[in-house]
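# Coordinate analysis (summary)
Residue strings, one per chain:
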Amino acid sequence: MTKAVAVPLDSYKVIEHAQPIACFICNEQNNVSAPFCRHCQAPLALAHQAATQKSPPRMVAVVGATGVGKTVYLGMLVDMLSRRVHPLQILARGAFSITLQQTAVAALAQCRFPEKTPNEPERWNWVHCQIRRPRTRRTLELIVPDMSGEAILEEVEHPHTTPVISAFLKKCCATMILVDAARLDDGLRDQEYFSMKFVSYLAELDPHPKTGWAHRPVAVVLTKADRAAGCRDDPEAYARSHAAGLWQQCSQRLQVCRFFAAGVAGGSALCVLRDGRRVQVPLRVEPHGIVEPFDWLLERLNRRKPSA
Ligand SMILES: Nc1nc2c(ncn2[C@@H]2O[C@H](COP(=O)(O)OP(=O)(O)O)[C@@H](O)[C@H]2O)c(=O)[nH]1
Ligand SMILES: [Mg+2]
Ligand SMILES: [Zn+2]
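Residues numbered from 1 in each chain as written. Chains lettered and ligands numbered in written order. Predicted model: local features only at pLDDT ≥ 70, side-chain atom pairs only at ≥ 80, totals over all residues. Heavy atoms only, no water.

## Topic: the environment of Leu81
On the secondary structure map, Leu81 appears in helix α3 (residues 70–83). With 50 residues separating them along the chain, Leu81 and Ile131 place their C-alpha atoms 9.6 Å apart. Setting aside chain neighbours within four positions, we find Leu81 in contact with Ile90, Val291 and Phe294. (Helix = DSSP H or I, 4+ residues; strand = E, 2+ residues; numbered from the N terminus. Contact = heavy atoms within 4.5 Å.)

## Quick look at the packing of aromatic side chains
As enumerated under the stated definition, the model contains four aromatic pairs in all. Summarising the aromatic geometry, the rings of Trp126 and Phe168 are spaced 6.1 Å apart at their centres and angled 90° between planes, so their arrangement reads as edge-to-face. With Trp126 in strand β5 (residues 125–132) and Phe168 in helix α6 (residues 163–171), this pair connects stretches of sequence that are 42 residues apart. The buried category is assigned to Trp126, whose relative accessible area is 1%. Judged by relative accessible area, which is 0%, Phe168 ranks as buried. The ring of Phe24 has Lys171 lying over it, and the distance from NZ or CZ to the ring centre is 4.1 Å. The ring of Trp213 carries the charged tip of Arg216 above its face, separated from the ring centre by 4.7 Å. (Phe/Tyr/Trp six-rings, centres within 6.5 Å; stacked < 30°, edge-to-face > 60°. Buried < 20%, exposed > 50% of the residue type's maximum accessible area, 1.4 Å probe, protein only. Lys NZ or Arg CZ within 6 Å of the ring centre and 35° of its normal.)

## Let's talk about the coordination of the zinc ion (ligand 3)
Those protein atoms acting as donors to the zinc ion (ligand 3) are Cys23 (SG), Cys26 (SG), Cys37 (SG) and Cys40 (SG), and they sit at 2.2 to 2.3 Å. Coordination at the zinc ion (ligand 3) is tetrahedral: its four donor atoms span angles of 105 to 115° at the metal. Along the chain, the residues donating to the zinc ion (ligand 3) are arranged with the sequence spacing C-x2-C-x10-C-x2-C. Taken as a pair, Cys26 in the loop between β1 (20–22) and β2 (29–31) and Cys37 in the loop between β2 and α2 (45–51) lie far apart in primary sequence, eleven residues in all. Cys37 matches Cys26 in its accessibility class, with the two residues each being buried. (Donors = N, O, S within 2.8 Å, 3.2 Å for Na, K, Ca; no water. Tetrahedral: all angles 85-135°; square planar, octahedral: opposite > 155°, others 65-115°.)

## Re empty space enclosed by the protein
To locate leftover empty space, one rolls a probe as large as a water molecule over the atoms. Within this structure, the stated rule accounts for one cavity of 30 Å³ or more. The volume enclosed by the largest cavity comes to roughly 60 Å³. Around the largest cavity, the lining residues are Leu74, Leu77, Val78, Leu81, Ile90, Val127, Cys129, Val144 and Phe294. Sorting the residues of the lining of the largest cavity by element identifies α3 and β5 as the ones contributing at least two each. Here the lining of the largest cavity gets four residues from one element, more than from any other, and that element is α3. (1 Å grid on protein atoms, 1.4 Å probe; cavity = no way out; pocket = protein on both sides within 12 Å on 5 of 7 lines; lining within 4 Å. Points joined across faces, edges and corners; volume = space filled by probe spheres on them.)

## Some remarks on the site of ligand 1
Taken together, the neighbourhood of ligand 1 is formed by 18 residues, with Gly67, Lys70, Thr71, Asp226 and Val264 sitting nearest. For ligand 1, a nitrogen atom lies 2.7 Å from a polar atom in the side chain of Asp226. Between ligand 1 and Ser268 there is a distance of 3.2 Å, counted from a nitrogen atom to a side-chain nitrogen or oxygen. With the chains in place, 89% of the 580 Å² that ligand 1 exposes on its own is no longer accessible. Spatially, ligand 1 is embedded in the largest pocket. Listed by contribution, the elements that provide at least two residues to the shell around ligand 1 are α3 and β10 (263–272). (Near = heavy atom within 4 Å. Polar contact = N/O pair within 3.5 Å; in protein donor to acceptor, adjacent residues only side chain to side chain. Areas by Shrake-Rupley, 256 points an atom, 1.4 Å probe, with all protein chains shown as cover. Sits in = over half its atoms within 2 Å of the grid points.)

## Focus: the coordination of the magnesium ion (ligand 2)
Around the magnesium ion (ligand 2), the protein contributes the donor atoms Thr71 (OG1) and Thr117 (OG1), at 1.9 to 2.0 Å from the metal centre. Residue Thr71 is located in helix α3, and its partner Thr117 is located in the loop between α4 (95–109) and β5; the two are separated by 46 residues in the primary sequence.

## Focus on the pattern of salt bridges
Tallied over the full model, the rule gives 14 salt bridges. Arg123 is the salt-bridge partner of Glu120, the closest N and O atoms lying 3.3 Å from each other. Look at Arg123 and you get exposed, because its relative accessible area is 52%. Between Arg216 and Asp206 there is a salt bridge, and its shortest N-O distance comes to 2.4 Å. Taken as a pair, Arg216 in the loop between α8 (190–205) and β8 (218–223) and Asp206 in the loop between α8 and β8 lie far apart in primary sequence, ten residues in all. Exposure class is identical for Arg216 and Asp206. Each is buried. (Salt bridge = Lys/Arg side-chain N within 4 Å of Asp/Glu carboxyl O.)

Nothing here speaks to function; it is all geometry.
This is the structure in structure tokens:
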């Protein structure tokens, strides 16, 4: 005979979990205890953090083809900004904001570049930080994910098939388009084609005559400037001569656009690993032009009202 036992029903738990939470990126409803959005796979920690803020965080995209230098650039940018006091102070929010900085800087300190970014959005580092100007009480919450180049290309080639990218880019208030200057210097055109496709994708994603992408700030950053002679002195002139199609598209389609040159390594060399793989290694870390595009974007953002 089975002995009857009284089992208390934890029904309060059901009620707690029945309350949905909207994903901060795509606005779809999710279970409050889920770690990632079931629709776009963005971390729901962003929605939980945003819920504690008076004004919603604003988002900036850092885009470019695979291998252009997004992870290295973003890791170094967060590291440099987090040490700076003037004119802005940056405070990272949440562990994954610091992970990007940690992995990029740790790799560079060991004379290597960080590993390739995984394709799955749940494995990206979503930098969420608070920007404070000393002596003013105004703060700005900013979200900048380190996305994979493959996922960006997939969305650009087939619009609205990668929900995390399309929803994110629709809500973004500014973007940095990274272009590999070392490849431009070698006469290769893939970087130019990628960025041209991206600019045209943006223009079609939100064509609103006043608030669309044509009016949002876009910084075009020529990366690996240490490997492209002449691009540091005048990035715009360099883009005009080495990526004329991109330069023309930017000047025709974007009202608030500027060209920059940046480099993290002071020099790099090709190294053959034991397994036969050939990888670039930084010979020394000599950041150049890292914060300038970010400062320029922030200044433009401060002049605009949040649209989202
Ligand atoms: N010379 C040089 N190479 C760089 C620099 N930044 C990145 N790279 C190279 O570009 C590769 C890809 O960088 P990564 O940031 O992972 O690119 P992502 O795919 O756009 O995130 C690195 O492994 C390096 O070989 C730089 O500032 N200078
Ligand atoms: Mg990456
Ligand atoms: Zn979502």
